[in-house]
Amino acid sequence: LHKHGLQNDKLCRRYFFLLDTVVKARMAAIWKPEGPPKMLYLREMLGRVPEVLSGQLALLGGVDGVKAGERCVLMKERGVMVIGLSLLEWRLLLEKQGGPIKKEMQMISGVEEAVVRGLSQSEGMSDDQADLKLSWNAWALKLCEAEEGTPQLRGKCLLQRTVLLLAQNSFQKAIDSSGEVMRIQPANRHAAALNAT
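Residues numbered from 1 in each chain as written. Predicted model: local features only at pLDDT ≥ 70, side-chain atom pairs only at ≥ 80, totals over all residues. Heavy atoms only, no water.

**Here we look at the packing of helix 8 (residues 151-167) against helix 9 (residues 171-184)**
Rule in force here: Think of each axis as a best-fit line through the C-alpha atoms, taken over the contacting stretch in the case of a helix, with angles from 0 to 180 degrees between the N-to-C directions. Numbering of helices and strands runs from the N terminus; a helix is a DSSP stretch of H or I covering at least four residues, while a strand is a stretch of E covering at least two. Throughout this description, any angle smaller than 35 degrees is read as roughly parallel, any larger than 145 degrees as roughly antiparallel, any in the 65 to 115 degree range as roughly perpendicular, and the remainder as oblique. Should the near helix be turned anticlockwise from the far one by less than a right angle, the crossing is termed left-handed; should it be turned clockwise, right-handed. The contact rule is simple, with two residues in contact once any of their heavy atoms fall within 4.5 Å. Basically, the charged four are Asp, Glu, Lys and Arg, the nonpolar ten are Ala, Val, Leu, Ile, Met, Phe, Trp, Tyr, Cys and Pro, and anything else, Gly included, counts as polar.
Axis separation between helix 8 and helix 9 bottoms out at 8 Å; the angle between their running directions is 165 degrees. Classed by the angle they form, the pair helix 8 and helix 9 counts as roughly antiparallel. Helix-helix and strand crossings are classified by hand; for helix 8 and helix 9 the assignment is left-handed. On the side of helix 8, the interface is formed by P151, R154, G155, L158, L159, R161, T162, L165 and L166, while helix 9 contributes F171, K173, A174, S177, S178, E180, V181 and I184. A class-by-class count of the residues in the contact of helix 8 with helix 9 yields nine nonpolar, four polar and four charged.

Right, dumping it as structure tokens:
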């Protein structure tokens, strides 16, 4: 795919088939549509490829074919987010795929957008869904940390977690969480105000 680009339809169909097969294997047996999706990190998969094979693949298709990118796609029906697509793979999913599978996919330009979507999902829920709100926040924070998100993005995740913990009267956990925000963003006024209360 990295060698021939998007022109070869047979290769494109094979890529879709392989991606869907990998996602199916990762899919949760029981997935709640309102809950966060499972994460599939291509970086981890590529890291398990033997060095000899990785070198041969790089010679055939270029270095981009054996390293993870920054793009993401949410396979909604499967409840899995694939993280680390290259720009070429992402374009392939965006441009070449039609039909029912296209409706199942949500294209996400990068990890920061995925994290922000996770935080927004948490914010959009009613207060009586506190556990679900916390699970979306934990998902966003885990993604942010795994993909080495910026301190500002991590601080945003932790700040939201602090507010959610306060709403559940988990005061010590909230203090610890706002302390984490202060460690990575000492000038964060919101965390300082929460600490003061």
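**Some points on helix 1 (residues 9-26)**
Short version of the rule: The span you would expect from a helix comes to 1.5 Å times its residue count less one. Between buried and exposed lies partly exposed: a residue is buried under 20% and exposed over 50% of the maximum accessible area for its type, with that area taken using a 1.4 Å probe on protein chains only. Read the arc as the range of directions from the helix axis to the C-beta atoms.
With 18 residues, helix 1 ought to run about 26 Å at 1.5 Å a step, and its terminal C-alpha atoms sit 26 Å apart, in line with that. Within the sequence span of helix 1, burial applies to C12, Y15, F16, L19, D20 and V23. Down the axis of helix 1, the buried set is contained in an arc of 125 degrees. They therefore lie on one face. Pointing more than 90 degrees away from the buried face of helix 1 are the exposed residues K10, R13, F17 and A25.

**Points about the pattern of salt bridges**
Two side chains carrying opposite charge are able to pair once their charged atoms lie near each other. As a reminder, the rule being used: Salt bridges are defined as contacts in which a side-chain nitrogen from Lys or Arg sits within 4 Å of a carboxyl oxygen from Asp or Glu.
Evaluated as defined, the whole model comprises eight salt bridges. Between D20 and K24 there is a salt bridge, with the nearest N and O atoms lying 3.8 Å from each other. Here the residue D20 and the residue K24 both occupy positions in helix 1, the gap between them amounting to four residues, near one helical turn. Connected via shared salt-bridge partners are E145, R154, R161 and E180.

**Overview of the environment of G155**
Along the chain, G155 falls in helix 8. For the pair formed by G155 and S178, sequence separation is 23 residues and the distance between their alpha carbons is 9.0 Å. When sequence neighbours within four positions are dropped, the list of residues in contact with G155 reads V181, I184 and Q185.

**Focus: the side chain of R78**
Tracing the sequence through the fold places R78 in the loop between strand 2 (71-75) and strand 3 (80-85). Owing to a relative accessible area of 19%, R78 belongs among the buried residues under this scheme. Not counting residues up to four positions away in its chain, the partners in contact with R78 are D20, V23, K24 and M27.

**Let's talk about the confidence of the model for the protein chain**
Selection rule: Confidence of the predictor at the level of single residues is captured by pLDDT, which takes values from 0 to 100.
In the predicted model, the protein chain carries a mean pLDDT of 82, and the fraction of residues at 70 or more is 87%. Within the protein chain, the lowest mean pLDDT, 58, falls on helix 5 (residues 100-104), and the highest, 92, falls on helix 7 (residues 130-146).

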